[in-house]
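A closer look at the structure
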Amino acid sequence: MKKGKKTWIAALLCMLSMTLICGLLYPLVMTVSASLLFPEQANGSQLTVTRNGKTQNVGSALIGQSWTKPEYLIGRPNSGAPTNRSAVSDEQQQAVADSVAWWHAFDPQTRGKDIPEDLVTASGSGVDPEISPQAAYFQVERIARVRKISQQSVRKIIDKYTTGKTFGFLGEERVNVLKVNLELDGYTISE
């Protein structure tokens, strides 16, 4: 019986120490490290804007939002949930066809044009906040027409919020949809 009691005590001490290390110390160290090394991202990358003397938080630069009005830059389709559909699956092909049909109904001037891939396919996370510069420039004419501003003005805003490859070689150039739309609406973004 002594051996059984020792085993229970050892198991209990192991459980308590692992709970302390994995449940308290590790999360605390990671939270503090993230806050010190990456304060903006650790705090949700909140965008603060000012317009007419009023300052407010409007969303996160890291989470895509759904835009469906023609005066706005439209991001990737928001699937509402992560997806890992095969690019050749019937389900994915149908989703792309549905997205192409949506674009044609949304902006009839897109008929006969190649719609950039990221405008008709959802991201793996389902909430990608960025699109390619090609996808953004594809929408310039419509935004300028609806807002009654020059295409050059729209392009200038898109260029302002285009980010290059991470570390100069990872990933692709990208445009933050939320930032572009906020500036199109006349907000000043505090960065």
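As a reminder, the structure under discussion sits directly above these lines.
The text that follows walks through the structure, step by step, so that each part is easy to find. (Residues numbered from 1 in each chain as written. Predicted model: local features only at pLDDT ≥ 70, side-chain atom pairs only at ≥ 80, totals over all residues. Heavy atoms only, no water.)

Turning to unusual backbone geometry, a few remarks are in order. Notably, Asn52 is not glycine yet its phi reads approximately 55°, a positive angle. Examined against the element boundaries, Asn52 turns out to sit in the loop between strand 1 (46–51) and strand 2 (54–60). A positive phi angle, near 55°, is found at Phe167, a position not held by glycine. Tracing the sequence through the fold places Phe167 in the loop between strand 4 (162–163) and strand 5 (174–176). Overall, Phe167 belongs to the exposed group, its relative accessible area being 70%. (Helix = DSSP H or I, 4+ residues; strand = E, 2+ residues; numbered from the N terminus. Buried < 20%, exposed > 50% of the residue type's maximum accessible area, 1.4 Å probe, protein only.)

Glancing now at the packing of helix 6 (residues 151–160) against helix 7 (residues 177–184). At a closest axis distance of 9 Å, the pairing of helix 6 and helix 7 adopts a crossing angle of 140°. Overall, the two elements helix 6 and helix 7 adopt an arrangement that is oblique. In this structure, helix 6 crosses over helix 7, and the sense of that crossing is right-handed. Counted together, Val154, Ile157, Ile158 and Lys160 of helix 6 and Val180, Glu183 and Leu184 of helix 7 form the full contact between these two elements. In terms of residue class, the contact of helix 6 with helix 7 is made up of five nonpolar, no polar and two charged. (Axes fitted to C-alpha atoms, helices over the stretch in contact; angles between N-to-C directions. Parallel < 35°, antiparallel > 145°, perpendicular 65-115°, else oblique. Left-handed = near helix turned anticlockwise from the far one by under 90°. Contact = heavy atoms within 4.5 Å. Nonpolar A, V, L, I, M, F, W, Y, C, P; charged D, E, K, R; others polar.)

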